[in-house]
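Structure at a glance
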Amino acid sequence: MAKGSQLSQLKSALSQAGISKTPQNGKKRKRSGSIDQDKIKKAAKLQEIHKKLNPFDVKVTKLKHDVGGRKIKGSKGQPAQSKQAGIEQREKTLLKEFQDRGRVGGIVDRRFGENDPSMSLEERMLERFTKERQRASKGTIFNLEGEEELTHYGQSLSNLDDFDDVGLPMDEDEDDDNGQMDRDIVGKAHFGGFGDKDEDETDHNPDRKKSKAEVMTELIAKSKEHKARRQLEKVQEESMRHQLDEDFDSLRSLLFAPGAQTTDNNAASLGSSGDLPAIPSTDIDEQMDYDRQVRELAFDQRAKPKDRTKTEDELALEEKENLEKAERQRRRRMLGDDGEDSDDGGRNHGKRKRERGGDDLEDDFAGDESLGGIGLGLGGINGQAVAEDESEEEEDDDEGVDGDEESDNDDENSEAEDGSEPSFGSEAGSASGGEFDEITTSQKSAKLKPPSVRHELPFTFPCPESHEEFLEIIEEIDHTDVPTVIQRIRTLHHPSLSPENKVKLQNLTSVLVDHVLYITSPPAPQFTLLNSIVPHLFALCRSYPIESAGIFVEKLSLMHKNLERGLSRGALELGARTWPGPAELSLLRTIGVIWSSSDMSHPIISPARLLMGAYLGLCRVRSLTDITSGLFLSSLFLQYEELSKRLVPEAVNFSINAVLHLAPSSLKNVASIPGSFPSPDFRSDLCAPLTIDVKKSKHLDFHTPNLHRLLTDVHYEEQDKLDLLGLAFRLLDRFSEMYKSLAGFIELYQPLLDILTKLNIAKLSEGVRTQASSLQDKLTRLLKFARQARRPLLLQAHKPIPIPTYIPKFESRSSSYLRRQDPDHERNEASKLRYQLKQEKKGAIRELRKDAKFLAAVEHKQQAEKDRAYKNHMNKAFSSLEGERAEQKAMDREKEKEKPRSGRK
């Protein structure tokens, strides 16, 4: 390369390459070859000169040991060219995406059969033509196949397809002087004859490809056939439409016949259309014109909603009004008064049900009793039927009210059942089993009055403020109607009807709680009635939770005081009673139904749970009634802790103590009992008669215990003892299922299993032995699983901490190639993959950075263009403003100069 400046080096290189602009020696050079080849050679020479003049376009990596003849990839690079190539590639791809961001567009080829390789070209053309013909709308003015047939000089265009009779003589026989060309000239010179030669060949070779003329001929034939078929369908539809119109005209005379209420006396009703005189069809058509009918339909009354959805307050007010109206009707019926003071305003005054006469065509007619009892054979039965019909009519009058009440009761019952299942018929460890229902059913049948004695239930009642007032209200009412009375009281005193009703309903809650204790007290508890009252109590407690909670807490406090009083007197003192009776047990059961028993702390459930635990832990067992009450409390704990699964050791302790009291065993005293369960009454003198007599119970089996009788009667049998023993077994089974996940399950149930294995029940019935053995097997299996799941405590296992060393680490393998060679093949491949992933990741990051830099440059360029345009716009504005300002100043100066002149004048 010559020395000197870049310009001198460029001139020297161009002259050496022979591409200098000035011809050498002033002579033109002769062209050798074509111009294109000269341009290619010239461009190659210029590119080579450019590379030589710019040494920075080539980047050479200096090798440590250069071996001749060895080609190393990446030793030489062209950073400028690669950079320019990357920019060009990004301008083609990334820049277009950046410019088209947020845009949605494109062309989708939706031509029929374009992407179907199984269709030939002719089939595609045929299908496209058919689709276009079907797609054409019939309402356009350019549609040649519309409903109205197009004509030419009065002739149909469908008959002019051959163009033979349109006044264009093209026959060979006609004179050529008319200025018309014959058919041969038109066919051959203008259109190529449509392949007449090919038609002859088609007859001999049917497998050849069809020509364009043949395809178009087939299309025209199919189009004509389709058009003819469509015209035929149109004619058939028109004929059917005319037939329907005629049938409608015959029905119109019946639909619009004048009714019986018209002023014309000779007009007949709709039912007597057969006697009408014939009406001319022309008159009907004139009177009932189609347009007039359409206009009449426009003035018809629109459909309107009959009843809108009423609010809760409106529904409560409506129910109250219905009850008051039904009560007024009941009182009028009771007094036989149908005067003008009725709800209809006296419109039906004097309209009584007429007496039946002899013309009523009934075989059992009997008039007054003074007639001597004619027709007594059937008169009694039919008379009773008539009385039943009248009573049914009266019930129909009040059906709306009673139906609403029943629906309200059903809704509240369903709500209560969904919330906490307020029913006393569930098993719950047989504590509230089917015995109660059975007993109360017999009481109900014994307590029901005959139909002739029962009073009609009123519809309105005052809201009682005390339990005594409530007892006065339901004094003459059957206990099966008490829920209906409560529902009507709640309806009549809904909170939305009056501000005072809220306080009244709160008092009603207290009254119902007192009534629950009243109806479940000995000697005849009514548990069925309790089941029907609980839903109403549940709804009231949900409406007024704070006030209701105070009522229940007050009752629990009273029960706790009674327990303290009984314990202070001593269990052996006469009349000292500590265990809860049926009323207290029913209240505790009701509390578990109404309130949530799974909360960690509850203002009602927590005191109730503490009270029940005190009963089970402090009260002494002296009779079978005490065992029954304790087992009932244990079953209530099952209900309370069903979700929370809290441990209640008092319930488990009393269940196993009940087994010790009832079942014969080889244990002699308290010291021989396994475990540390407190059993102060075991083998005491008062508890000795509670043990089952093996001789008397040899053939007895477990049954559901009659808890009602056991809680109220002091006389009991061996069957009662056996039933309570079965209930204790079931409670232990249920508690084991509940507490099997506890950490102390082994310590809790291992002593119980030891006690069960020492029971002497080999001489009892097979059912007793089977249930006891199944309980033992279950406890053995659960204890085994608990021991397998238990692991002793261990110190935390840590990885040993190495001693720190300060010796430098030496790499034995110096070569980087050998450093990646691992004897383990899988580990070596994984290392290679990690290296490749690292390199790809670095390359991707590098490309992303380049993309971001390119986009930043594009955005900067766009922003610079915007700024430049804005600056030019503002400069123009400022220049115009400055010019105007300069002119204004000049004018001001001129005015200032003219002022002294005018003063001199």
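Residues numbered from 1 in each chain as written. Predicted model: local features only at pLDDT ≥ 70, side-chain atom pairs only at ≥ 80, totals over all residues. Heavy atoms only, no water.

Helix and strand counts for the chain come out as 29 helices and four strands. Looking at the chain as a whole, 29% of its 905 residues are labelled buried. The long-range share in the chain, meaning contacts at least 24 apart out of those at least 6 apart in sequence, stands at 67%. Total accessible area computed for the chain in this model is approximately 64,000 Å², and 53% of it derives from carbon and sulfur atoms. (Helix = DSSP H or I, 4+ residues; strand = E, 2+ residues; numbered from the N terminus. Buried < 20%, exposed > 50% of the residue type's maximum accessible area, 1.4 Å probe, protein only. Contact = heavy atoms within 4.5 Å. Areas by Shrake-Rupley, 256 points an atom, 1.4 Å probe, with all protein chains shown as cover.)

Turning to the nonpolar core, a few remarks are in order. In terms of nonpolar packing, the biggest core is built from 111 residues, with Phe 552, Ile 591 and Val 659 touching the most fellow members. Looking at this core element by element, the count peaks at 11 residues for helix 25 (residues 718-739). For Val 659, the contacting residues outside a window of four places in its chain are Leu 725, Ala 728, Phe 729, Leu 732, Leu 756 and Leu 759. Of all hydrophobic cores here, the second largest spans five residues; its members include Leu 94, Leu 95, Phe 98 and Phe 854. (Core = buried A, V, L, I, M, F, W, Y, C linked by side-chain atoms within 4.5 Å.)

The next subject is the pattern of salt bridges. Counted according to the given criterion, the structure contains 20 salt bridges. Here Arg 90 ties to Glu 847 by a salt bridge, and the two come within 2.9 Å at their closest N and O atoms. Note that Arg 90 is positioned in helix 3 (residues 79-92) and Glu 847 in helix 29 (residues 825-904), a separation of 757 residues in sequence. By relative accessible area, Arg 90 is classed as buried at 12%. (Salt bridge = Lys/Arg side-chain N within 4 Å of Asp/Glu carboxyl O.)

So, on to the packing of helix 22 (residues 624-640) against helix 23 (residues 649-662). Direction vectors running N to C along helix 22 and helix 23 enclose 145 degrees, while the axes themselves pass 9 Å from each other. Here helix 22 and helix 23 pass one another in a crossing that is left-handed. On helix 23, the residues that touch Leu 624, Asp 626, Ile 627, Gly 630, Leu 631, Ser 634 and Phe 637 of helix 22 are Ala 651, Phe 654, Ser 655, Ala 658, His 661 and Leu 662. (Axes fitted to C-alpha atoms, helices over the stretch in contact; angles between N-to-C directions. Left-handed = near helix turned anticlockwise from the far one by under 90°.)

Next up on the list: the packing of aromatic side chains. Applying the stated criterion across every chain yields a total of five aromatic pairs. Aromatic side chains Phe 552 and Trp 595 sit 6.0 Å apart centroid to centroid with 85 degrees between the ring planes, which places their arrangement in the edge-to-face category. Of this pair, Phe 552 sits in helix 19 (residues 545-569) while Trp 595 sits in the loop between helix 20 (582-594) and helix 21 (605-618), and the two are 43 residues apart along the sequence. For Phe 552, a relative accessible area of 0% gives the class buried. Overall, the relative accessible area of 11% leaves Trp 595 in the buried class. Ring geometry for Trp 579 and Phe 654: centres 5.4 Å apart, planes at 55 degrees, overall tilted. Highlighted residues: Trp 579 in the loop between helix 19 and helix 20 and Phe 654 in helix 23, separated in sequence by 75 residues. Judged on exposure class, the residue Trp 579 and its partner Phe 654 are both buried. Residue placement shows Arg 101 over the ring face of Phe 98; its charged tip is 4.0 Å from the ring centre. (Phe/Tyr/Trp six-rings, centres within 6.5 Å; stacked < 30°, edge-to-face > 60°. Lys NZ or Arg CZ within 6 Å of the ring centre and 35° of its normal.)

It is worth spelling out helix 18 (residues 527-543) at this point. Its 17 residues place the ends of helix 18 25 Å apart at the C-alpha level, agreeing with the 24 Å of an ideal helix rising 1.5 Å per residue. A bend of about 30 degrees at Ile 533 is the largest found in helix 18, and the proline Pro 535 appears one to four places after it. Among the 17 residues in helix 18, 13 count as buried, and that is most of the element. (Expected span 1.5 Å × (residues − 1). Bend = angle between axes of the 7 residues up to and from the residue.)

A word on the side chain of Glu 327. Inspection of the secondary structure assignment puts Glu 327 in helix 11 (residues 312-335). A distance of 2.5 Å separates the side chain of Glu 327 from the backbone nitrogen of Phe 459, its partner in a polar contact. With residues near it in sequence (within four places) discarded, Glu 327 still touches Pro 458, Phe 459 and Thr 460. (Polar contact = N/O pair within 3.5 Å; in protein donor to acceptor, adjacent residues only side chain to side chain.)

Right, let's get into the environment of Glu 127. Relative to the elements of secondary structure, Glu 127 occurs in helix 5 (residues 121-135). As for Glu 127 and Phe 112, which are separated by 15 residues in sequence, their C-alpha atoms are 7.1 Å apart. Excluding its chain neighbours within four sequence positions, the residues that come into contact with Glu 127 are Phe 112 and Met 119.

Turning our attention to the confidence of the model for the chain. Parts of the model with low pLDDT should not have their predicted coordinates read in detail. Averaged over every residue, the pLDDT of the chain is 75; the share at 70 or more is 69%. Here residues 192-203 scores under 50 on pLDDT; set against residues more than four positions off or in separate chains, the count is 14 contacts. For residues 339-453, every residue scores under 50 in pLDDT, and the model assigns this stretch 135 contacts once sequence neighbours within four places are set aside. (pLDDT = per-residue confidence, 0-100.)

Another aspect to go through is unusual backbone geometry. Here Pro 522 and Pro 523 are connected by a cis peptide whose omega angle stands at 10 degrees. With respect to the element layout, Pro 523 can be found in the loop between helix 17 (501-519) and helix 18.

Residues Lys 838, Lys 842, Arg 846 and Lys 850 make up a contiguous surface patch of positive charge. Residue position: Lys 838 is located in helix 29. Given a relative accessible area of 53%, Lys 838 falls into the exposed group. (Patch = residues over 30% accessible without salt bridge, like charges linked within 9 Å, V, L, I, M, F, W, Y side chains within 5 Å. Lys, Arg positive; Asp, Glu negative; His and termini not counted. Charge placed at Lys NZ, Arg CZ, Asp CG, Glu CD.)

Here we take up helix 19. Over its 25 residues, helix 19 runs 36 Å from end to end, which matches the ideal 36 Å to within 8%, given 1.5 Å per residue. All of the buried residues in helix 19 are Ser 548, Ala 549, Ile 551, Phe 552, Lys 555, Leu 556, Met 559, Leu 563 and Gly 566. Along its buried surface, helix 19 packs onto helix 17, helix 18, helix 20 and helix 21.

Moving on to the environment of Arg 488. By secondary structure assignment, the location of Arg 488 is in helix 16 (residues 482-492). When its relative accessible area of 4% is taken as the criterion, Arg 488 is described as buried. Residues Arg 488 and Lys 320, 168 residues apart in the sequence, show an inter-C-alpha distance of 8.4 Å.

Before going further, it helps to spend a moment on the packing of helix 18 against helix 20. One can describe the packing of helix 18 onto helix 20 by two numbers: an axis separation of 10 Å at closest approach and a directional angle of 45 degrees. Classified by the angle their axes make, helix 18 and helix 20 are oblique. Relative to helix 20, helix 18 is oriented so that their crossing is right-handed. Residues Phe 527, Leu 530, Val 534, Leu 537, Phe 538 and Cys 541 of helix 18 pack against Ser 586, Thr 590, Val 593 and Ile 594 of helix 20. Tallied by class, the residues present in the contact of helix 18 with helix 20 amount to eight nonpolar, two polar and no charged. (Parallel < 35°, antiparallel > 145°, perpendicular 65-115°, else oblique. Nonpolar A, V, L, I, M, F, W, Y, C, P; charged D, E, K, R; others polar.)

Topologically, Thr 590 is positioned in helix 20. For Thr 590, a relative accessible area of 1% puts it in the buried group.

A few words now on a negative patch on the surface. Where like charges cluster on the molecular surface, the negative patch consists of Glu 465, Glu 468, Glu 469, Glu 472, Glu 475 and Glu 476. Position of Glu 476 among the secondary structure elements: in the loop between helix 15 (467-473) and helix 16.

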